[in-house]
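Overview (structure and organization)
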Amino acid sequence: MTPGSPADASAERILAAVHAIPIGQVAGYGEVARRAGLPGRARLVARLLAGNEDPRLPWHRVLRSDGRIAFPAGSTGFIEQERRLRAEGVRVVAGRVKGQRIATSVDEQVWGPG
DNA sequence: GCAGTGACGCCGT
DNA sequence: TACGGCGCCACTG
(Lines give C-alpha, C1' and ligand atoms only; values in the text may rest on other atoms or scores of the structure.)
Protein backbone atom coordinates (compact mmCIF):
# COMPACT_ATOMS: atom_id res chain seq x y z
CA MET A 1 0.00 0.00 0.00
CA THR A 2 0.93 3.62 -0.30
CA PRO A 3 -0.91 5.44 2.50
CA GLY A 4 1.14 8.56 2.00
CA SER A 5 0.62 8.91 -1.72
CA PRO A 6 -0.84 12.20 -2.96
CA ALA A 7 -3.39 10.25 -4.96
CA ASP A 8 -4.77 8.86 -1.73
CA ALA A 9 -5.08 12.32 -0.22
CA SER A 10 -6.81 13.56 -3.37
CA ALA A 11 -9.26 10.67 -3.25
CA GLU A 12 -10.04 11.51 0.34
CA ARG A 13 -10.76 15.14 -0.55
CA ILE A 14 -12.98 14.08 -3.43
CA LEU A 15 -15.01 11.75 -1.23
CA ALA A 16 -15.30 14.54 1.34
CA ALA A 17 -16.60 16.88 -1.35
CA VAL A 18 -19.25 14.33 -2.34
CA HIS A 19 -20.29 13.90 1.28
CA ALA A 20 -20.60 17.68 1.50
CA ILE A 21 -23.43 17.72 -1.04
CA PRO A 22 -26.62 18.40 0.95
CA ILE A 23 -29.66 16.15 0.66
CA GLY A 24 -31.90 17.08 -2.24
CA GLN A 25 -29.04 18.92 -3.92
CA VAL A 26 -26.83 17.87 -6.83
CA ALA A 27 -23.36 18.70 -8.09
CA GLY A 28 -21.33 18.04 -11.23
CA TYR A 29 -18.25 15.83 -11.50
CA GLY A 30 -16.13 18.81 -12.47
CA GLU A 31 -17.49 20.84 -9.59
CA VAL A 32 -16.69 18.09 -7.09
CA ALA A 33 -13.16 17.78 -8.46
CA ARG A 34 -12.75 21.56 -8.25
CA ARG A 35 -13.86 21.54 -4.61
CA ALA A 36 -11.32 18.82 -3.91
CA GLY A 37 -8.63 21.08 -5.31
CA LEU A 38 -8.28 19.04 -8.50
CA PRO A 39 -9.57 21.15 -11.39
CA GLY A 40 -9.87 19.16 -14.60
CA ARG A 41 -9.95 15.81 -12.82
CA ALA A 42 -13.66 15.11 -13.33
CA ARG A 43 -12.83 11.70 -14.72
CA LEU A 44 -10.93 10.88 -11.55
CA VAL A 45 -14.08 11.60 -9.55
CA ALA A 46 -16.04 9.21 -11.75
CA ARG A 47 -13.40 6.52 -11.30
CA LEU A 48 -13.56 6.91 -7.53
CA LEU A 49 -17.33 6.67 -7.43
CA ALA A 50 -17.16 3.58 -9.65
CA GLY A 51 -14.88 1.88 -7.16
CA ASN A 52 -16.31 3.27 -3.94
CA GLU A 53 -17.46 0.78 -1.33
CA ASP A 54 -19.01 3.22 1.11
CA PRO A 55 -22.81 2.77 1.13
CA ARG A 56 -23.13 6.13 2.92
CA LEU A 57 -21.53 7.92 0.00
CA PRO A 58 -24.17 10.06 -1.76
CA TRP A 59 -22.74 9.27 -5.19
CA HIS A 60 -26.19 9.64 -6.71
CA ARG A 61 -25.99 13.41 -6.12
CA VAL A 62 -23.14 13.67 -8.62
CA LEU A 63 -24.21 14.35 -12.19
CA ARG A 64 -22.65 15.49 -15.44
CA SER A 65 -22.29 19.18 -16.22
CA ASP A 66 -25.38 18.83 -18.44
CA GLY A 67 -27.45 17.94 -15.38
CA ARG A 68 -27.90 14.42 -16.67
CA ILE A 69 -27.15 11.05 -15.08
CA ALA A 70 -23.78 9.81 -16.31
CA PHE A 71 -24.91 6.20 -16.68
CA PRO A 72 -26.36 4.98 -19.96
CA ALA A 73 -30.16 5.15 -19.84
CA GLY A 74 -31.65 1.86 -18.74
CA SER A 75 -28.52 0.58 -17.01
CA THR A 76 -28.63 -0.64 -13.41
CA GLY A 77 -26.69 2.37 -12.14
CA PHE A 78 -28.94 4.72 -14.06
CA ILE A 79 -32.12 3.31 -12.55
CA GLU A 80 -30.64 3.20 -9.06
CA GLN A 81 -29.40 6.80 -9.21
CA GLU A 82 -32.69 8.06 -10.57
CA ARG A 83 -34.58 6.21 -7.83
CA ARG A 84 -32.36 7.61 -5.05
CA LEU A 85 -32.65 11.17 -6.32
CA ARG A 86 -36.42 10.97 -6.47
CA ALA A 87 -36.40 9.55 -2.93
CA GLU A 88 -34.73 12.79 -1.85
CA GLY A 89 -37.33 14.92 -3.55
CA VAL A 90 -35.28 15.66 -6.66
CA ARG A 91 -37.33 15.85 -9.85
CA VAL A 92 -35.80 13.61 -12.48
CA VAL A 93 -37.22 13.53 -16.00
CA ALA A 94 -35.73 11.30 -18.69
CA GLY A 95 -32.53 10.93 -16.70
CA ARG A 96 -32.26 14.68 -16.30
CA VAL A 97 -32.58 16.75 -13.12
CA LYS A 98 -35.30 19.39 -13.30
CA GLY A 99 -35.87 22.46 -11.13
CA GLN A 100 -32.17 22.69 -10.42
CA ARG A 101 -29.05 23.86 -12.18
CA ILE A 102 -25.68 22.11 -12.09
CA ALA A 103 -22.98 24.49 -10.90
CA THR A 104 -19.90 24.34 -13.12
CA SER A 105 -17.86 26.58 -10.84
CA VAL A 106 -17.52 27.34 -7.16
CA ASP A 107 -18.81 30.86 -7.78
CA GLU A 108 -22.12 29.51 -8.98
CA GLN A 109 -22.44 27.36 -5.88
CA VAL A 110 -21.77 30.33 -3.63
CA TRP A 111 -23.30 33.25 -5.50
CA GLY A 112 -25.82 31.42 -7.62
CA PRO A 113 -26.56 31.86 -11.35
CA GLY A 114 -26.38 35.60 -10.80
C1' DG B 1 6.34 3.17 -24.03
C1' DC B 2 2.00 2.80 -26.81
C1' DA B 3 -2.88 2.05 -27.68
C1' DG B 4 -7.50 1.42 -25.98
C1' DT B 5 -11.12 2.76 -22.77
C1' DG B 6 -14.15 5.48 -19.62
C1' DA B 7 -20.10 7.17 -14.15
C1' DC B 8 -16.13 13.83 -18.12
C1' DG B 9 -16.18 18.87 -20.09
C1' DC B 10 -16.33 22.43 -23.47
C1' DC B 11 -17.34 24.11 -28.07
C1' DG B 12 -19.53 24.28 -32.63
C1' DT B 13 -23.44 23.07 -35.56
C1' DT C 1 -32.18 20.19 -26.85
C1' DA C 2 -29.57 16.83 -29.58
C1' DC C 3 -25.07 15.22 -31.86
C1' DG C 4 -20.49 15.07 -33.02
C1' DG C 5 -15.70 16.22 -32.35
C1' DC C 6 -11.62 17.22 -29.60
C1' DG C 7 -9.04 17.60 -25.30
C1' DC C 8 -7.76 15.90 -20.77
C1' DC C 9 -6.62 12.60 -17.06
C1' DA C 10 -5.91 7.97 -15.02
C1' DC C 11 -5.89 2.98 -15.54
C1' DT C 12 -5.02 -1.45 -18.02
C1' DG C 13 -3.04 -4.85 -21.34
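Small disclaimer: the values here were computed from a predicted structure and weren't measured. (Residues numbered from 1 in each chain as written. Chains lettered and ligands numbered in written order. Predicted model: local features only at pLDDT ≥ 70, side-chain atom pairs only at ≥ 80, totals over all residues. Heavy atoms only, no water.)

Two measures describe an aromatic ring pair: the distance that separates the ring centres and the angle between the ring planes. Tallied over the entire structure, the rule returns 1 aromatic pair. Both rings, one in tryptophan 59 and one in phenylalanine 71, keep their centres 6.3 Å apart while their planes meet at 85 degrees; by these two values the pair is edge-to-face. Taken as a pair, tryptophan 59 in the loop between helix H3 (42-51) and strand S2 (62-63) and phenylalanine 71 in the loop between S2 and helix H4 (76-87) lie far apart in primary sequence, 12 residues in all. Taking relative accessible area as the criterion, tryptophan 59 reaches 17% and is therefore assigned buried. (Phe/Tyr/Trp six-rings, centres within 6.5 Å; stacked < 30°, edge-to-face > 60°. Helix = DSSP H or I, 4+ residues; strand = E, 2+ residues; numbered from the N terminus. Buried < 20%, exposed > 50% of the residue type's maximum accessible area, 1.4 Å probe, protein only.)

This next bit is on helix H1 (residues 6-19). For H1, spanning 14 residues, the distance from its first C-alpha to its last is 20 Å, which sits close to the expected 20 Å at 1.5 Å a residue. The complete set of buried residues in H1 reads Ser10, Ala11, Ile14, Ala17 and Val18. Around the axis of H1, the buried residues are gathered within 120 degrees of arc, so they sit on the same side. Elements in contact with the buried residues of H1: helix H2 (29-35), H3 and S2. (Expected span 1.5 Å × (residues − 1). Arc of directions from axis to C-beta. Contact = heavy atoms within 4.5 Å.)

Around DNA strand B sit Tyr29, Gly30, Ala42, Arg43, Ala46, Leu49, Ala50, Trp59, Arg64, Ser65, Ala70 and Phe71, and that is every residue in its neighbourhood. Of everything in DNA strand B that lies within 4 Å of the protein, sugar and phosphate atoms constitute 40%. A distance of 2.7 Å separates a base nitrogen of DNA strand B from a polar side-chain atom of tyrosine 29. In this structure, a base nitrogen belonging to DNA strand B sits 2.4 Å away from a side-chain N or O atom of arginine 43. (Near = heavy atom within 4 Å. Polar contact = N/O pair within 3.5 Å; in protein donor to acceptor, adjacent residues only side chain to side chain.)

Around DNA strand C, the surrounding shell consists of Gly40, Arg41, Arg43, Leu44, Arg47, Arg68 and Arg96. Backbone atoms, meaning sugar plus phosphate, form 82% of the atoms of DNA strand C positioned within 4 Å of the protein. For DNA strand C, a phosphate oxygen lies 3.2 Å from a polar atom in the side chain of arginine 68. Between arginine 96 and DNA strand C, the recorded distance is 2.3 Å, taken from a side-chain N or O atom to a phosphate oxygen. With 3 residues, H3 is the largest single contributor of residues to the surface near DNA strand C. Looking at the surface near DNA strand C residue by residue, the classes come out as 1 nonpolar, 1 polar and 5 charged. (Nonpolar A, V, L, I, M, F, W, Y, C, P; charged D, E, K, R; others polar.)

With that settled, the discussion passes to the nonpolar core. Formed by 17 residues in total, the largest nonpolar core has its most connected members in Ile14, Val18, Val32, Val45, Leu49 and Val62. Listing elements by their share of this core, those giving two or more residues are H1, H2 and H3. With 4 residues, the top contributor of residues to this core is H1. Not counting residues within four places of it along the chain, the set of residues in contact with valine 62 comprises Val18, Ile21, Ala27, Gly28, Tyr29, Val32, Leu49 and Gln81. Leu63, Val90, Val97 and Ile102 belong to the second largest nonpolar core, which has 9 residues in total. (Core = buried A, V, L, I, M, F, W, Y, C linked by side-chain atoms within 4.5 Å.)

To continue, consider unusual backbone geometry. Positive phi, close to 55 degrees, is recorded for alanine 94, a residue that is not glycine. The topology assignment puts alanine 94 in the loop between strand S3 (91-93) and strand S4 (96-98).

Note that every value here comes from positions in space, so none of it alone points to a role or purpose.
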